[in-house]
Amino acid sequence: NSIEVSSTLETKTVNSNASLADKSILVVEDNKLNQLLASSYLKKNGAIVDLADNGAIALEKVKQKNYDIILMDLQMPVMDGYTATKIIRQELKFQLPIVACSAHSSTVENDNCIKKGMNGYISKPYSESTLIGVLSSFYIEKSNTKNELIDSKITTNLDQDDFNKILGDIAIEHGKEFVEMMLE
């Protein structure tokens, strides 16, 4: 079984048995380039993606729709990721996986995110395989039964060459849209 995923440049076939196939993922990120990168990687792997520019918008979306996972930037205007996560956990009482996403990479930052109610941490910039690996690690297939939530505490770092490859991937995948964004 496969799912057709269309982009402006090409159509890709994604294995429907992939762990993110048909998962509803909310990407909470204020940077348009980072939104484009994450949504591109996720859609390419079969996920259904919604975007929120800050934590306040994320809260409204979470109240209206059931998400499987949230990818949450930590530093955003209006409402940061820590505050949004606190409200999701303490006021809304939702226990879906929230993976922190930040340009700061440290064990202290990772531990702080876990203490504040997040389930995992990924540092920016990240590769497609890292993002998909971290998010899909929350779900394992158990002999054709429903997906089971598992805990994940994965961090990663990329060097400049990896980052340049990511930018190149975005440029190839989204051509005109990427160039227009870089010129803003």
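Predicted model only: the values in this text are computed from it and were never measured.

Definitions and cut-offs
Residues numbered from 1 in each chain as written. Predicted model: local features only at pLDDT ≥ 70, side-chain atom pairs only at ≥ 80, totals over all residues. Heavy atoms only, no water. Pairing = 2+ DSSP bridges. Helix = DSSP H or I, 4+ residues; strand = E, 2+ residues; numbered from the N terminus. Axes fitted to C-alpha atoms, helices over the stretch in contact; angles between N-to-C directions. Contact = heavy atoms within 4.5 Å. Salt bridge = Lys/Arg side-chain N within 4 Å of Asp/Glu carboxyl O. Buried < 20%, exposed > 50% of the residue type's maximum accessible area, 1.4 Å probe, protein only. Disulfide = S-S within 2.5 Å. Parallel < 35°, antiparallel > 145°, perpendicular 65-115°, else oblique. Left-handed = near helix turned anticlockwise from the far one by under 90°. Nonpolar A, V, L, I, M, F, W, Y, C, P; charged D, E, K, R; others polar.

> Would you mind showing me how to read the sheet that holds strand S6 (residues 98-102) here?
Think of a sheet as strands paired side by side through backbone hydrogen bonds, with each pair either parallel or antiparallel. Reading across from one edge, S4-S3-S5-S6-S7 is the order of the 5 strands in this open sheet, with parallel pairing throughout. Taken across any chain shown, the strands that pair with only one partner, and hence form the sheet edges, are strand S4 (48-52) and strand S7 (120-123). For this sheet, the mean inter-axis angle between neighbouring strands, taken without regard to orientation, is 20°. Relative to S6, strand S5 (residues 69-73) runs parallel, the two being bridged by 4 bridges. Looking at the pairing, Asp-73 lines up with Cys-101 of S6. Contacts between helix H3 (residues 81-91) and the sheet are confined to S5 and S6, with S5 contributing the most and set at about 150° to the helix.

> Whenever I open this one, the pattern of salt bridges confuses me. Can you help?
Between side chains of opposite charge, a pair can form when the charged atoms approach closely. Throughout the structure, instances matching the rule amount to 6 salt bridges. Notably, a salt bridge pairs Asp-50 with Lys-65, separated by 3.0 Å at the nearest N-O pair. Taken together, the residues span a long stretch of sequence, with Asp-50 in strand S4 and Lys-65 in the loop between helix H2 (55-64) and S5 at a distance of 15 residues. Each of Glu-29, Asp-73 and Lys-124 takes part in salt bridges that share partners, so that together they form one network.

> What's the story with unusual backbone geometry in this structure? I'm lost.
Note: most peptide bonds trans; most residues except glycine with negative phi. Along the chain, Lys-124 connects to Pro-125 via a cis peptide bond; the corresponding omega equals -5°. Here Pro-125 shows up in the loop between S7 and helix H5 (128-136). Its identity as a non-glycine residue notwithstanding, Asp-22 has a phi of 65°, on the positive side. Tracing the backbone through its elements, the reader meets Asp-22 in the loop between strand S2 (11-15) and strand S3 (24-28). With relative accessibility at 54%, the residue Asp-22 sits in the exposed group. Backbone geometry at Lys-93 places phi at a positive 65°, although glycine is not the residue there. Position of Lys-93 relative to the elements: it lies in the loop between H3 and S6.

> What am I meant to see in the state of the cysteines here?
Structurally, a disulfide amounts to a covalent bond that connects the sulfur atoms of two cysteines. In this structure the tally under the stated criterion is 0 disulfides. Cys-101 carries a free sulfur, and the closest cysteine sulfur to it, the one in Cys-113, is 9.9 Å from it. Classification of Cys-113 as buried rests on a relative accessible area of 0%.

> What is the right way to read the side chain of Asn-54 from this model?
Looking at where Asn-54 falls in the secondary structure, it is placed in the loop between S4 and H2. Taking relative accessible area as the criterion, Asn-54 reaches 8% and is therefore assigned buried. Those residues in contact with Asn-54 that lie beyond four places of it in its chain are Val-28, Met-76, Pro-77, Val-78 and Met-79.

> I would appreciate a short explanation of the packing of helix H1 (residues 32-44) against H5 in the present structure.
Each pair of packed helices can be described by the angle between their axes along with the distance between the axes. Viewed as axis vectors pointing N to C, H1 and H5 meet at an angle of 65°, and their least axial separation amounts to 10 Å. When the axes of H1 and H5 are compared, the pair comes out roughly perpendicular. As for the relative orientation of H1 and H5, their crossing is right-handed in sense. Listed contacts from H5 to Ala-38, Tyr-41, Leu-42 and Lys-44 of H1 are Glu-128, Leu-131, Ile-132 and Leu-135. Within the contact of H1 with H5, the residues separate by chemical class into 6 nonpolar, no polar and 2 charged.

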